[in-house]
Structures are given as C-alpha cells and as structure tokens.
Amino acid sequence: MTHALNIVWNPSEGIDLGFFMIRYYSLMFVIAFGLGWYIMKNIFEREGESIEKLDSLFIWTVLATLLGARLGHVFFYDWEYYSNHLTEILLPIRENPNESLFNIIQGWEFTGFTGLASHGAAISIIIAMYFYSKNVLKRPQMWILDRVVIPVASGAIFVRLGNFFNSEIIGHQTTSSFGIRFVRDHFSPMDAVNATGIPNPQAAYAAIAQDPKFSALLAQVPAKHPTQLYEAFCYIFVFAVLFFMYWKTEKRKYTGYIFGMFLVLLFTVRFIVESVKESQGGFESALGLFSTGQWLSIPFIIIGLYFIFTAQKEHVN
C-alpha cells in the first residue's frame, strides 16, 4: 500500500517588501502576461505585423481574460450566491461578512477576486479576438486565434501555479505518493486563530505547520491531490506542442488547426484532472455523471476537433 508523502504546504502570502506585499497569485499572472507578450512579439515580427498592434492585443487579452474568468465563475459556478450579491461580481469585496479578521468597514470587507474560471476566460478571449481582428489587426479572426493560443497555453501553466500558492482548486483526499497536506485549505483563518490562540492568521498557520506543540492540529490535515500541479505540468506539454507546430511545421498555414489543437489538448487535460478534483460547485448536481468543469470542457473539445478536421491551407495571392 502506498502512502502520501509528508509534504505540508503552507506558503506565505507573497513577497513582503515592507511597504507592499507582492502576492504570489498576482505575480503568476504578471509572469503569464509578460511571457505571453514576449511570445507574441516574436510571432508578430515573423509575420511582419506592427508591434503597435501587439500593445493593443495585450490590453484586449488582459481585459478579456480577467473579465471573462470572473463572469465565468459567477455564472457557471456560483450564480445562486452572486444573484443576491450583485455588487460583488465586479468589485473585490464581500458584503456583510459573518466573520472576519480583516478590513471590515461599515459591513464591507476587501477580499480580492476569489473566483476565476478558465472556461469563461476562453469564451471571452475568443469574443475579444473577433473585435480585435476586425478593428485593429485587419486580419481574419482565425489568424489571430491560431497564434494567440500559444501564449495562452503558457499562461495557463502560471495561473495553476498561482492556484497552488493559494491552496485552492485542490483534489480529493488520497493515500498515494502524490498527496500534499494543504493547511490553508483545511483551516480557515478564523479556525486557525481559534485553534492556536494566536491572533495573527499567518502566524497561526505557521504554528500549525511547524510548531510541534500543534502537531495534533496538523494531524487533522489530510493529504490531497495537488491538481493544480497536475494541470500545470500537463499544460507545459500543451504549450510545447503548439509552439512546435507554429515554429517548426506547416500547420500554422492551416486555418484553425492550431486553435483546434489547443482546445482539444487543454480541455482534455482539464477533463481528466477534474476526475480527481474536489467539486467547485455549479450545475453538476443537476446533470450528474460529470463535474461542472467536465461538462464545460466537452463543448470546447468538440469544437476543437471540428477545426482540426476542417482546417484548410491558406491561399496566398
């Protein structure tokens, strides 16, 4: 019988500069968009496109990703809650928190955006690329989609690493050798403070993870699948495949092929990893059989297969 490794995961919130905290999750987004800009810069130079258009593409993609991911979480996973808290959809706050150790002012608490959904981001990027290609790039929409999915795939790696740092979107309990004990997933900030008697949540988490005096509390934390790392690892190969296709093969000349391959590969990974992931909510209880994430991935895979099998080589005049 295999047993989970005794890995206790309790990272700090980020890099403390004294006057400012750089949160790891935010840092991963910055790296994702920065690397994406660099990849597209090389692609635009190869295709003879103006770098000025790249700046516009960066803005369109950032806004589409954040807005689409947020709305995707709201409507796909938690509409029952947000339908009664409309101000929280686009504002990083929580109304009338029941318990909190943080900045509550007149019934409001700053929380940051605690829900982003990749399926929503995918839809919004596709829509944004339609308007970008029509109004800025002056090329067919599929031209940009076949290319922008390469940096999007690389960005997905860092987004999942950000989820890992946040101890969110984790898997089921496991006794396999891949299991990790997520302290912050098991104990809420209030739970950690109450259990340890330490008023500072970060210090309380650190005590549970490191202080032998609280070993009984640490023993309560089960090992779970680090599904964020599973996805991040697989997305490395998705990115590598797309990158190779564009730079080393003629597939970039087949309209829709690389875009279709992106949809099939990325959402197949998502579908598989969802099988060991804890429920994120949504409509899965109504449909059964699959999780919400799996149901949402199926249409993307089908659409991707369509583009792969119908891709035709561009005609150069």
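Everything here concerns the structure above.
Conventions and cut-offs
Residues numbered from 1 in each chain as written. Predicted model: local features only at pLDDT ≥ 70, side-chain atom pairs only at ≥ 80, totals over all residues. Heavy atoms only, no water. Core = buried A, V, L, I, M, F, W, Y, C linked by side-chain atoms within 4.5 Å. Buried < 20%, exposed > 50% of the residue type's maximum accessible area, 1.4 Å probe, protein only. Helix = DSSP H or I, 4+ residues; strand = E, 2+ residues; numbered from the N terminus. Contact = heavy atoms within 4.5 Å. Pairing = 2+ DSSP bridges. Salt bridge = Lys/Arg side-chain N within 4 Å of Asp/Glu carboxyl O. Expected span 1.5 Å × (residues − 1). Bend = angle between axes of the 7 residues up to and from the residue.

1. As for the nonpolar core
Of all hydrophobic cores here, the largest spans 49 residues; its most connected members are Phe-44, Leu-57, Met-129, Ile-144 and Leu-242. Those elements that provide at least two residues to this core are helix 1 (24–47), helix 2 (51–77), helix 4 (118–137), helix 5 (141–165), helix 10 (227–248), helix 11 (257–274) and helix 13 (292–310). In this structure, Ile-144 is in contact with Met-40, Phe-44, Leu-57, Met-129, Tyr-132, Ser-133 and Leu-137, ignoring residues within four places of it in sequence. By size, the runner-up hydrophobic cluster in this structure holds 13 residues, among which are Val-183, Phe-187, Ala-209 and Leu-217.

2. Quick look at the environment of Arg-270
By the secondary structure assignment, Arg-270 is in helix 11. C-alpha of Arg-270 to C-alpha of Tyr-230: the two residues are 40 residues apart in sequence and 9.6 Å apart in space. The contacts of Arg-270, once residues within four sequence positions are left out, are Tyr-77, Ser-118, His-119, Arg-160, Glu-231, Tyr-235, Lys-277, Gly-293 and Ser-297.

3. Focus: unusual backbone geometry
Peptide bonds are trans in most cases, and residues, glycine excluded, mostly fall at negative phi. Phi is positive for Ser-167, which is not a glycine, with a value near 55 degrees. Looking at Ser-167, the relative accessible area reads 5%, which means it is buried. One non-glycine residue, Ile-169, lies in the positive phi region at around 55 degrees. You can see Ile-169 is positioned in the loop between helix 5 and strand 7 (180–182). Taking the relative accessible area as the measure of exposure, Ile-169 reaches 19% and is therefore buried.

4. As for the sheet that holds strand 8 (residues 223–224)
Strand order in the open sheet made by the 3 strands is 1-7-8, with mixed pairing throughout. This sheet does not close on itself; its edge strands, each paired only once, are strand 1 (8–9) and strand 8. Relative to strand 8, strand 7 is paired through 2 bridges, and the arrangement is antiparallel. Looking at the pairing, Ile-180 lines up with Lys-224 of strand 8.

5. Regarding the environment of Asp-191
Within the secondary structure, Asp-191 is located in helix 7 (residues 189–196). Taking the C-alpha atoms as reference, Asp-191 lies 9.3 Å from Ala-204; in sequence the two are 13 residues apart.

6. A short note on the pattern of salt bridges
If you walk through the whole model with that rule in mind, you get 11 salt bridges. Between Asp-185 and Lys-224 there is a salt bridge; the shortest N-O distance is 3.2 Å. Linking Asp-185 in helix 6 (residues 183–186) with Lys-224 in strand 8, this pair joins segments that are 39 residues apart in sequence. With relative accessibility at 31%, the residue Asp-185 sits in the partly exposed group. Note that Glu-274 and Arg-270 form a salt bridge whose closest N and O atoms lie 2.8 Å from each other. Here Glu-274 and its partner Arg-270 are both found in helix 11, 4 residues apart, which amounts to about one turn of the helix. In terms of burial, Glu-274 and Arg-270 fall into one category: buried. Shared partners join several salt bridges into a network, and the residues in it are Arg-160, Glu-231, Arg-270, Glu-274 and Lys-277.

7. Considering helix 5
Under the 1.5 Å per step criterion, the end-to-end length of helix 5 is 35 Å for 25 residues, consistent within 8% with the ideal 36 Å. When the local axis directions of helix 5 are compared, the greatest deviation, roughly 30 degrees, occurs at Val-148, which is followed within four positions by the proline Pro-151. Burial of helix 5 is extensive: 20 of the 25 residues sit out of reach of the surface. Positive backbone phi, approximately 55 degrees, marks Ser-167, located one or two places after helix 5.

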